[in-house]
Amino acid sequence: MPAIIRKLVTILDETRREMRRDLAIPIRRVVCCAVIENPFASRYTEDLSELIAQGEELGALLAARAIAVLGIPGDQVQSFGKAAVVGEAGELEHAAALLHPRMGAPVRSALGKGPALIPSAKKSGGPGTGIDVPLGHKDAAFVRSHFDAIEARVPDAPRANEILVCLALTTGGRPLPRIGGLTHAEAEGRDGLR
């Protein structure tokens, strides 16, 4: 059964200046969120395949929306991350079912690549609970300049029987990175690490 979506929320963060220095290219980070009905709220169910399928559906939807907001082709996205907040009538495994088995494939498809693991976070909470969506380089996990996070929060979600699902995409890493390591330009993207 498709996800029952109560609302979609998009958060755009654009950094143009850091430490009194203009950035040559502004860094745009977007989080697209879906507030969905939890089909397993208030009951234990062994088979979570319905949420697994909804994760795939939401991966495609949220990736398309995020790419459109960034205003660049999908293959120019540099980093990604995902997260979910489960309302009090749900359990963390419901978030895991959405985020892990099948959500990544449509996101990678929309980006044209993305062999690195998509960083993720999950927690339980009520309306207005914030979550830090972890970010990492989409092609090479060792690119330190892209270790980051962006907060997502929807004031009226998740309600007890809902799940807030978030996907974050960026056009770059942190502003003014200088702690060394593999750079975006050096990343090969063959094994998801380097």
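Our subject is the structure listed above.
Asks: Would you explain the overall build of the protein chain in this entry?
Replies: Along the backbone of the protein chain there are 3 helices and 7 strands. Traced from its N-terminal end to its C-terminal end, the protein chain shows the element sequence β-β-α-β-α-α-β-β-β-β. Taking 194 residues into account, the globule formula puts the C-alpha radius of gyration at 16 Å, and the protein chain, at 17 Å, falls close to it. Viewed in the frame of its principal axes, the protein chain has a C-alpha envelope of about 50 × 35 × 25 Å. A fraction of 75% describes how many contacts in the protein chain between residues 6 or more apart in sequence connect residues 24 or more apart. As displayed, the protein chain offers around 9200 Å² of accessible surface, 52% of which is attributable to carbon and sulfur atoms. Charged side chains of the protein chain number 24 positive and 23 negative; the gap between the two group centres comes to 7 Å.

Asks: How do you make sense of the side chain of threonine 15 when you look at a structure like this?
Replies: Summarising the element assignment, threonine 15 is placed in strand E1 (residues 5-18). In this structure the side chain of threonine 15 is engaged in a polar contact, spanning 3.5 Å, whose partner is the side chain of aspartate 13. Among all residues touching threonine 15, those that are not within four sequence positions of it are Leu23, Pro26, Ile27 and Pro175.

Asks: Just checking my understanding: could you explain the pattern of salt bridges for this structure?
Replies: Pairing between side chains becomes possible if they bear opposite charge and their charged atoms approach one another. On inspection of all chains with the given rule, the structure shows 13 salt bridges. Linking aspartate 139 and lysine 138 is a salt bridge whose minimum nitrogen-to-oxygen distance equals 3.4 Å. For aspartate 139, a relative accessible area of 10% puts it in the buried group. You can call lysine 138 buried: its relative accessible area is 3%. For glutamate 188, the salt bridge goes to arginine 190, with nearest N and O atoms at 2.1 Å. When its relative accessible area of 69% is taken as the criterion, arginine 190 is described as exposed.

Asks: Just to check I follow, could you spell out helix H3 (residues 104-111) for this structure?
Replies: Side chains of residues three or four places apart in an α-helix project in the same direction, reflecting 3.6 residues per turn. Regarding H3, the residues found buried are Gly104, Pro106, Val107 and Leu111. Tucked inside the fold, the buried residues of H3 contact helix H1 (49-70), strand E3 (79-86) and strand E7 (162-170).

Asks: Teacher, can you tell me more about the nonpolar core here?
Replies: Among soluble globular proteins, nonpolar side chains are generally buried collectively. In this structure, Ile36, Leu58, Leu62, Ile163, Val165 and Leu169 are the most contacted members of the largest nonpolar core, which totals 31 residues. Among the secondary structure elements, those contributing two or more residues to this core are strand E2 (21-37), H1, E3, helix H2 (92-99), H3 and E7. The element best represented in this core is H1, accounting for 7 residues. Dropping the residues within four chain positions of it, isoleucine 163 is found in contact with Ala34, Val35, Ile36, Asn38, Leu51, Ala84, Val85, Val86, His94, Leu98 and Pro158. Counting residues in each nonpolar core, the second largest holds 15 residues, with Ile131, Ala152, Leu164 and Cys166 among its members.

Cut-offs and rules
- Residues numbered from 1 in each chain as written.
- Predicted model: local features only at pLDDT ≥ 70, side-chain atom pairs only at ≥ 80, totals over all residues.
- Heavy atoms only, no water.
- Helix = DSSP H or I, 4+ residues; strand = E, 2+ residues; numbered from the N terminus.
- Rg over C-alpha atoms; globule rule 2.2 N^0.38 Å.
- Contact = heavy atoms within 4.5 Å.
- Areas by Shrake-Rupley, 256 points an atom, 1.4 Å probe, with all protein chains shown as cover.
- Lys, Arg positive; Asp, Glu negative; His and termini not counted.
- Charge placed at Lys NZ, Arg CZ, Asp CG, Glu CD.
- Polar contact = N/O pair within 3.5 Å; in protein donor to acceptor, adjacent residues only side chain to side chain.
- Salt bridge = Lys/Arg side-chain N within 4 Å of Asp/Glu carboxyl O.
- Buried < 20%, exposed > 50% of the residue type's maximum accessible area, 1.4 Å probe, protein only.
- Core = buried A, V, L, I, M, F, W, Y, C linked by side-chain atoms within 4.5 Å.

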